[in-house]
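# Coordinates in review
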Amino acid sequence: MSTLLEVKNLKKHFPINNGGLLKKQNGAVKAVDGISFQVKQGETLGLVGESGCGKSTAGRAILKLLEPTEGEIRFKGEDITGYRGEKLRKLRRDMQLIFQDPYASLNPRKTIEQIITEPMKIFNLPKQQRKKKLDRLLDVVGLSSYHKQRYPHEFSGGQRQRIGIARSLALDPDLVICDEPVSALDVSIQAQVINLMEDLQQEFNLTYIFIAHDLSVVHHISDRVAVMYLGQIVEIGEVEELYSHPKHPYTQALLSAIPEADPELSRERILIKGDLPSPSDPPLGCKFHTRCPYAEEICRTSNPLLKQVSSGGQQAACHFVKEVALEH
Amino acid sequence: MKEETPILEVKQLHTHFFTKAGVVKAVDGVHFDIKPGETLGIVGESGSGKSITAMSIMRLIPSPPGKIVDGQVLFKGENLLNKSEKQMRKIRGKEISMIFQDPMTSLNPVFTIEKQMVETILVHENLNKQQARNRAVELLELVGIPEARGRLKNYPHEFSGGMRQRVMIAMALACNPEVLIADEPTTALDVTIQAQILELLAKLQKELGMAIIMITHDLGVVSEVCDRVMVMYAGKPVEYTDKKSLFKQPKHPYTLGLMNSIPKISAKKEKLEAIEGLPPDLRALPGGCSFAPRCSQATEICLTTDPVLIEHGNNHHVRCLLYEEETEKVVSE
Ligand SMILES: Nc1ncnc2c1ncn2[C@@H]1O[C@H](COP(=O)(O)OP(=O)(O)O)[C@@H](O)[C@H]1O
Ligand SMILES: Nc1ncnc2c1ncn2[C@@H]1O[C@H](COP(=O)(O)OP(=O)(O)O)[C@@H](O)[C@H]1O
Ligand code: SF4
Ligand SMILES: [Mg+2]
Ligand SMILES: [Mg+2]
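Residues numbered from 1 in each chain as written. Chains lettered and ligands numbered in written order. Predicted model: local features only at pLDDT ≥ 70, side-chain atom pairs only at ≥ 80, totals over all residues. Heavy atoms only, no water.

### Observations concerning the sheet that holds strand β10 (residues 232–238) of chain A
By way of backbone hydrogen bonds, the strands of a sheet pair with one another, either parallel or antiparallel. Residue and element names in this part refer to chain A. Taken in spatial order, the eight strands of this open sheet run β6-β7-β8-β3-β9-β10-β12-β11, and their pairing is mixed. Two strands close off the open sheet at either side, each with one partner strand: β6 (95–98) and β11 (307–308). By the bridge criterion, four bridges tie strand β3 (residues 44–48) to strand β8 (residues 207–211) in an arrangement that is parallel. Along β8, the bridge assignment pairs T44 with Y208. Sitting on the sheet, helix α2 (residues 85–94) is in contact with β6 and β7 (175–179), with an inclination near 60° to β6. (Pairing = 2+ DSSP bridges. Helix = DSSP H or I, 4+ residues; strand = E, 2+ residues; numbered from the N terminus. Contact = heavy atoms within 4.5 Å. Axes fitted to C-alpha atoms, helices over the stretch in contact; angles between N-to-C directions.)

Okay, here's the thing in structure tokens:
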């Protein structure tokens, strides 16, 4: 499989202004602070971590909805980091975003037909083709033809998510960044939408970055998973390996905290203390050291880099995880 | 669970909303009891009537349009539905307390934690201000707020999400309630913080012996903390039993559907088995079983006959026609 997307040392810092007349910058929120990873054509990369760890910001920076502060984004081999104007517009056909709350992103005054065909209009698809595509999209996401003339408020949460998905597929994208697409849905509806997304991936050969805080959902849908903490990736690897042998203490704690719907299952819970530190004033050294059960002196001074921790390619950033040579 | 008299019994509770667009049967035949020190889970999807059940127990249903049209809520044998508002005010917060998903529902943003806690304590307990303040510190320490005394002067927004949840729990426990109703207390929290809060509630329950009604949409949380469970669908209890039986032998097709539709890390499936369709409009429930239009096991009769809650097997209650012929003990209609 070829690499579709490559992200190198991506940073997105939001300046904090003190509000004064001179708008002097008072530091920055380091929402994304140097992340690197690759996504292969046709795979699903899960992006997990607690709220505020920078998942959405990373997604938006990759789509260039936010201007990256630093780093490089390569899409289909091309460096798109500096894309503007017409080039950026063309790129938007190939990369799409699905939001958590489709309602907020669907114009309440437009009909479903207008909403789904809008991107096609922007890219000057002929009317006949738009109509055909609309019918096909409605069909694949499980909506009916009579829904076309209805408005977003007439639909349930799950149906609205289907509309958002249909719109995101209107221009045959290669990469879809899904930002908590099922988090707001009830479990029975969530399963419907997850199944739909899996079917669509097959049918349209889509590549997903699937952002979620629900680790069970991410486990189900992902091929590989990246775990973020305070703007950095602390562990990344193939899904089964990462879930069954988490190497980073944060991943271990995160996984052990999931309540599983099976009372017979007994696990040891690693409770981590305290709250997430502020991303505008992150701890020095390893950013996790303030909550880490294993932290020692070195963790307070030196920030561990991602290193190979399994022969299968799993990587983790912790001083106390052994480095392992990659198998070829 | 040892045989003990229930502290709270909810019998055949029906709470409806009389709106211009029709009657919303938000709670329609809810029936359960809970013993001291026990945790009962109420699980169901949004709109299934979980919060309205809780609000009915607390007698906090906005009226109009809401009305408890039938049933009993027996607290230590006395029917709360016959109490005056004045009597209820003595019970709320003292005997039965409630915590919410959003702590700001019960915390006032413009007052310090000290003011709010001391006031609550003074309403119910015979203490002077200094004693009340000490009690507040004790409570904050109990729920794991570091440097509790120093934080009394803080406003709610000065606490993080998880810490605010702890403050709300401290407030709810101020008067040692015998029943704590927790309405999705961890739904808005990250898993690591959720784990901390669930652990805290379990610890407090052990120390203080209160009964907890845990309202959640998460079967994982149920599995983790509950002794017994009531599953709700469209305002009605569809299954009610102990946790072990629920997970080992789920009887109601809806319960089964829920369990099959969640991804499980310990048992990965190729494909999730989703429940097709949508929950019904509570103003226009289908005739027959409310779940029939989505039920994979429904037969002709399910579309016309509304099942009742029956006991099928030892203390295992289910509301489904598949089980009705075999038994005749009707529990709730
Ligand atoms: N436009 C913005 N301006 C300032 N700070 C922001 C902005 N967007 C996000 N942040 C901050 O960046 C951090 C990461 O946010 P986000 O990417 O939304 O996290 P996640 O999606 O993982 O919950 C948070 O601390 C958030 O408050
Ligand atoms: N004030 C109200 N007026 C009309 N309907 C209401 C009112 N409050 C709640 N309901 C309806 O009652 C049903 C049950 O609500 P609720 O108990 O809040 O569900 P949940 O299980 O999500 O907690 C919902 O369909 C809701 O729309
Ligand atoms: S580097 Fe240190 S603080 Fe960071 S995760 Fe590893 S042990 Fe914990
Ligand atoms: Mg986000
Ligand atoms: Mg509710």
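### Comments concerning the site of ligand 2
All names here are of chain B. Near ligand 2 lie 13 residues; those nearest to it are G47, G49, K50, S51 and I52. One of the backbone N or O atoms of S48 is found 3.2 Å from an oxygen atom in ligand 2. A distance of 3.0 Å separates an oxygen atom of ligand 2 from a polar atom in the backbone of G49. Here ligand 2 has 570 Å² of accessible area as a free molecule, and 67% of this is covered by the chains. Of all the secondary structure elements, the ones that give two or more residues to the shell around ligand 2 are β1 (8–19), β2 (22–34) and α1 (50–57). When residues in the shell around ligand 2 are grouped by element, the largest group, three residues, is from α1. (Near = heavy atom within 4 Å. Polar contact = N/O pair within 3.5 Å; in protein donor to acceptor, adjacent residues only side chain to side chain. Areas by Shrake-Rupley, 256 points an atom, 1.4 Å probe, with all protein chains shown as cover.)

### Points about the UniProt feature "domain: ABC transporter" (unreviewed entry) in chain B
Under the UniProt annotation, "domain: ABC transporter" (unreviewed entry) lies at residues 8–259 of chain B. What you have in residues 8–259 of chain B is 38% helix and 28% strand, and the ends, taken at the C-alpha atoms, are 28 Å apart. (UniProt positions renumbered as here; feature names shortened; annotations may be inferred.)

### Quick look at the interface of chain B and chain A
Between chain B and chain A, the residue contacts involve 40 residues of the former and 42 residues of the latter. Counting the surface lost from both chain B and chain A, the interface buries some 3,600 Å², and carbon and sulfur atoms represent 57% of this. There are four salt bridges connecting chain B and chain A. A salt bridge links D199(A) to K271(B); its shortest N-O distance comes to 2.8 Å. Applying the counting rule to chain B against chain A returns 18 residue pairs in polar contact (both at pLDDT 80 or more). At the level of secondary structure, the elements contributing two or more residues to the side of chain B that touches chain A comprise α7 (191–208), α8 (219–225), α9 (243–248) and α10 (253–261) of chain B. For the side of chain B that touches chain A, the leading source of residues is α7(B), giving seven residues. Here the residues of the side of chain B that touches chain A are counted per class, giving 15 nonpolar, 10 polar and 15 charged. (Buried area = accessible area lost by both parts, 1.4 Å probe. Salt bridge = Lys/Arg side-chain N within 4 Å of Asp/Glu carboxyl O. Nonpolar A, V, L, I, M, F, W, Y, C, P; charged D, E, K, R; others polar.)

### Considerations on the sheet that holds β2(B)
All names here are of chain B. Taken together, the four strands give an open sheet; going across it, the order is β2-β1-β4-β5, and neighbouring strands pair in antiparallel fashion. Each edge of the open sheet carries a strand with a single partner, namely β2 and β5 (78–79). In this sheet, β5 lies alongside strand β4 (residues 66–75) in antiparallel orientation, the contact comprising two bridges. Along β5, the bridge assignment pairs L74 with N79. Packed onto the sheet, α1 meets β1, β2 and β4 and runs at close to 110° relative to β1.

### Here we look at the packing of aromatic side chains
Applying the stated criterion across every chain, the model contains six aromatic pairs over all chains. Plain terms: the ring middles of Y229(A) and F288(A) are 5.0 Å apart, the flat faces sit at 85° to each other, and that makes the pair edge-to-face. On the criterion of sequence distance, the pair formed by Y229(A) in strand β9 (residues 224–229) and F288(A) in the loop between α10 (249–256) and α11 (297–301) is long-range, its members being 59 residues apart. Residue classification places Y229(A) among the buried positions, given a relative accessible area of 1%. Take F288(A): its relative accessible area is 1%, and that puts it in the buried class. Between the aromatic rings of Y233(B) and F291(B), the centroid separation amounts to 5.0 Å while the plane-to-plane angle is 80°, which identifies the pairing as edge-to-face. Placement of Y233(B) in strand β9 (residues 228–233) and of F291(B) in the loop between α10 and β11 (309–311) is noted, with a sequence separation of 58 residues between them. Note on F291(B): relative accessible area 3%, which makes it buried. An aromatic cluster is present here, built from Y229(A), Y250(A) and F288(A) joined pairwise through their rings. Above the plane of the ring of F111(B) lies K115(B), whose end atom (NZ or CZ) is 5.1 Å from the centre. Note that R151(B) overlies the ring of F159(B), its terminal NZ or CZ placed 4.1 Å from the centroid. (Phe/Tyr/Trp six-rings, centres within 6.5 Å; stacked < 30°, edge-to-face > 60°. Buried < 20%, exposed > 50% of the residue type's maximum accessible area, 1.4 Å probe, protein only. Lys NZ or Arg CZ within 6 Å of the ring centre and 35° of its normal.)

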